[in-house]
Amino acid sequence: MLKGFFNVPDPTNEPVKNYAPGSPERASLQAAINDARSKVVDIPMFIGSEEVRTGNKKELSPPHDHQHLLGYFHEGDSSHVEQAINAALGAKAAWENMQWEQRAAIFLKAADLLAGPYRDKINAATMLGQSKNVYQAEIDSACELIDFLRFNVKFMAEIYAQQPPIHGAGIWNRTEQRPLEGFVMAITPFNFTAIAGNLPSAPAMMGNTVIWKPAHTQIYAANVIMEVFRKAGLPDGIINLIYVDGPTAGDVVFSHPDFAGLHFTGSTGVFQTLWKTIGANISRYKTYPRIVGETGGKDFVIAHKSADAKELATALARGAFEYQGQKCSAASRAYIPSNLWEEVKGFLLADIDSMKMGGPEDFSNFINAVIDEKAFDKITGYIDEAKNDSNVEIVAGGNYDKSTGYFIAPTVIHVQDPMYKTMVEEIFGPVLTLYVYHAEHYEEALELVDQTSPYGLTGAVFSRDRYAIELATTKLRHAAGNFYINDKPTGAVVGQQPFGGARASGTNDKAGSMINLLRWVSPRTIKETFVSPRDYRYPFLEE
Ligand SMILES: NC(=O)c1ccc[n+]([C@@H]2O[C@H](COP(=O)([O-])OP(=O)(O)OC[C@H]3O[C@@H](n4cnc5c(N)ncnc54)[C@H](O)[C@@H]3O)[C@@H](O)[C@H]2O)c1
Ligand SMILES: N[C@@H](CCC=O)C(=O)O
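Along each chain, residues carry numbers from 1 onward, in the same order as the chain's sequence is written. For naming, the first written chain is A and the first written ligand is 1, with later ones following in the order written. The model is predicted, so local features are restricted to residues of pLDDT at least 70 and side-chain atom pairs to those at 80 or more, both for listing and for counting; the totals for chains, interfaces and linings are taken over all residues. To get the side-chain values, all heavy atoms of the structure are used, and hydrogens and water are removed first.

Per an unreviewed UniProt entry, the protein goes by the name L-glutamate gamma-semialdehyde dehydrogenase and belongs to Negadavirga shengliensis. According to UniProt, the comment filed for the protein under the heading Pathway (unreviewed entry) is "Amino-acid degradation; L-proline degradation into L-glutamate; L-glutamate from L-proline: step 2/2." UniProt positions are given in the numbering used here, feature names are shortened, and annotations may be inferred rather than shown by experiment. Its UniProt record, at the heading Catalytic activity (unreviewed entry), says of the protein: "L-glutamate 5-semialdehyde + NAD(+) + H2O = L-glutamate + NADH + 2 H(+)".

Structure follows, in structure tokens:
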């Protein structure tokens, strides 16, 4: 074993490439997209040392071109969940005994593979499989995933370096950061390849072994992540990737005595169901499981009468419609002061008019498709209901078509009732609802923002008046775990704006931070006394 206190490379954020027309990165990504479209991949599960093909093959297609076949994945059942748990438990001893710098090297190598030879492949997979435009893929599947891996290695080293500051006379105090006793379950959402990669790798980095169940609609890129982890030298059994439906996985995992932690990102309803199941099974487990869940949002933008109308409209256009509003952070309700409404409306409608919609293979399309038919039907249900409500005005969009792909035009709804359902419920699509408030009633509007929805994920205030900014910052303290001043509420960057919300939006363990990594270790305090006492009596007791 190597001996020494090792320093890890200081991370910096991975630069975002611009893919401008004529650039070399654009040409090589375009080639990777063409290559991926020309193939039909056969995607197995990865359990221990096995690539598992069940023969129960499910099709994978681009959401924007649902007649095109990208590949198949092999769906598993509860027996595969059992196998994955056994593989994770079997691999555990060797992995947790491995020196931490060896684990660090694997994930640093994975980051460099993604930054270099795998960048096009992971971006192409995310563009095709999840219908993301090139910029949205680049900031997610390349840059954010690379940042998660590099920054987490740095945070891991800092966690291990934290030791008790005081040693009494003749005593040496130490802290050992043990991995959890058991296995960790990572359940990941469709919308971010970076989150899919981070949720299994963060606990694995800290010495845990993991079962990873991605959303079916993200498997095409998940397969590339697994290829990168394996290429980086991740041993068999450390991350076991299975494709089973959620309840099937849950039934086996949450009744297992060695279940030690859940790393979840997805909707609030699913997370609450999982938490209840874990609670109901609590006496079965050898240890209290760690539960980390980052969930839904109903993210707001509130403008003060002093705001710059153009800056506000731009933030709404990008915050609400990038990646078709399928970000937990997406601006989905806005509170506009009456003095600015006409000006903001003009800028916003002009922006929306200029947004091209289509598949991400054409780099000039800003809007792509929503993830699947279920999402399409749910989102358009809200739009139809709004169209049929005479108190509600659709000021932009409202059109949709699923004949080729699941396309929904960016839609803006103007409501008179600030508690109208699209101001309150998470829609997770390209729908922005606006309420215009009396410009002199800013404080009341802040109260509305705070009380309208059960979520507390992201939010933004726009103002050029420092008192108004201070008031919003104070009054909305618990309304958002990520709060933005004069900026859109999306696009958090690892190492700069640690991400997560509270209230119904999750446990706020801030993905890509030391706070998150601390959830995957169980510290052991070691006190060593060099010369042990040999007499029980206190000095004042007589012999
Ligand atoms: N707060 C955040 O950081 C964050 C980030 C991304 C997405 N999200 C949220 O995720 C949601 C969108 O993602 P989604 O549609 O993939 O979410 P989802 O809740 O439908 O699915 C998330 C994962 O849970 C699994 N799942 C579903 N039911 C299950 C069950 N009964 N048992 C076990 N697993 C189950 C799914 O298969 C998937 O892997 C939105 O609500 C969004 O706000 C939150
Ligand atoms: N971290 C991302 C959102 C992740 C949820 O979908 C952002 O800040 O926009």
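Okay, back to it.
A. Seen up close, the overall build of the protein. Elements are defined by DSSP. Helices are runs of H or I of four residues or more, strands are runs of E of two residues or more, and each kind is numbered from the N terminus. In terms of regular secondary structure, the protein is built from 16 helices and 23 strands. Here the radius of gyration uses the C-alpha set of atoms, whereas the globule reference equals 2.2 Å times the residue count to the power 0.38. For the protein, the C-alpha radius of gyration of 25 Å lies close to 24 Å, the compact-globule estimate for 543 residues. Type-normalised accessible area, obtained with a 1.4 Å probe on protein chains alone, sets the label of each residue: buried when under 20%, exposed when over 50%, and partly exposed for intermediate values. Sorting the 543 residues of the protein into buried and exposed places 57% on the buried side. In the protein, of all internal contacts separated by at least 6 residues, the share reaching a separation of at least 24 is 77%. Total accessible area computed for the protein in this model is approximately 22,700 Å², and 52% of it derives from carbon and sulfur atoms. Here the protein holds 50 positive side-chain charges and 63 negative ones, and the gap between their average locations is 5 Å. Two residues form a contact once any of their heavy atoms are found within 4.5 Å. Note on areas: these come from Shrake-Rupley sampling with a 1.4 Å probe, and a residue is covered only by the protein chains present in the view. The charged-residue count follows a simple rule in which Lys and Arg add positive charge and Asp and Glu add negative charge, with His and chain termini not counted at all. Charged side chains are reduced to one point each, which is NZ for Lys, CZ for Arg, CG for Asp and CD for Glu.

B. Spotlight on the nonpolar core. Nonpolar core, defined: a set of buried Ala, Val, Leu, Ile, Met, Phe, Trp, Tyr and Cys residues in which side-chain atoms within 4.5 Å join the residues together. In this structure, Phe107, Trp212, Phe254, Phe259 and Leu262 are the most contacted members of the largest nonpolar core, which totals 104 residues. Considering every element that reaches this core, the biggest residue donor is helix H5 (residues 134–161), with 14 residues. With near-sequence residues (within four places) excluded, phenylalanine 259 lies in contact with Phe183, Met185, Val253, Phe254, Ile278, Tyr285, Thr287 and Pro289. Counting residues in each nonpolar core, the second largest holds 38 residues, with Ile302, Tyr335, Val431 and Tyr435 among its members.

C. Expanded view of the sheet that holds strand S4 (residues 57–60). Judged by pairing direction, the sheet is mixed, and its three strands sit side by side in the order S1-S5-S4 without closing on themselves. Two strands lie at the open edges of the sheet, namely strand S1 (41–43) and S4, each paired on one side alone. With direction set aside, neighbouring strand axes in the sheet form an average angle of 25 degrees. By the bridge criterion, three bridges tie S1 to strand S5 (residues 71–74) in an arrangement that is parallel. Bridging across to S5, isoleucine 43 finds its partner in phenylalanine 73. When DSSP finds two or more bridges between a pair of strands, those strands are recorded as paired. Here, axes are lines fitted to C-alpha atoms. For helices the fit covers the stretch in contact, and angles between N-to-C directions go from 0 to 180 degrees.

D. Inspection of the packing of aromatic side chains at higher detail. When two rings of Phe, Tyr or Trp (its six-membered ring) have centres within 6.5 Å they constitute a pair, described as stacked for plane angles under 30 degrees, edge-to-face for angles over 60, and tilted for the intermediate range. The final tally for this structure, using the stated rule, is 13 aromatic pairs. A centroid spacing of 5.8 Å and a plane angle of 85 degrees characterise the contact between phenylalanine 376 and tyrosine 400, whose relative ring orientation is edge-to-face. Remark: tyrosine 400 occurs in strand S15 (residues 400–401) and phenylalanine 376 occurs in helix H12 (residues 373–387); sequence separation between them is 24 residues. Among the aromatic residues, those joined into a cluster by ring pairs are Phe183, Phe254, Phe259 and Tyr285. Its guanidinium or amino end placed over the ring of phenylalanine 192, lysine 132 lies 3.9 Å from that ring's centre, counting from NZ or CZ. Lysine NZ or arginine CZ positioned within 6 Å of the ring centre and within 35 degrees of the ring normal marks a charge as sitting over the ring. Across from the ring centre of tyrosine 323, 4.4 Å away, lies the NZ or CZ of lysine 132, which sits over that ring.

E. Structural context of the domain arrangement of the protein. Partitioning the protein into structural domains gives domain 1 (24–295 + 506–526) and domain 2 (299–485). The straight-line distance from the C-alpha centre of domain 1 to that of domain 2 is 31 Å. At the interface, 27 residues of domain 1 touch 29 residues of domain 2. Each partner contributes to the roughly 2,300 Å² buried at the junction of domain 1 and domain 2, and carbon and sulfur atoms together form 58% of this total. Two parts lose some accessible area (1.4 Å probe) when they are put together, and adding that loss for both gives the buried area. Looking at the side of domain 1 facing domain 2, the largest losses of area belong to His64, His66 and Phe190, adding up to 24% of the total buried there. The term salt bridge refers to a pairing of a side-chain nitrogen on Lys or Arg with a carboxyl oxygen on Asp or Glu at a separation within 4 Å. Taken together, the links from domain 1 to domain 2 amount to one salt bridge. Across the pair glutamate 361 and arginine 37 runs a salt bridge whose closest N-O atoms are separated by 2.5 Å. Going through the elements one at a time, helix H1 (24–37), helix H4 (119–130) and H5 are the ones with two or more residues in the side of domain 1 that touches domain 2. By convention here, the domain bounds are inherited from an automatic or database domain assignment.

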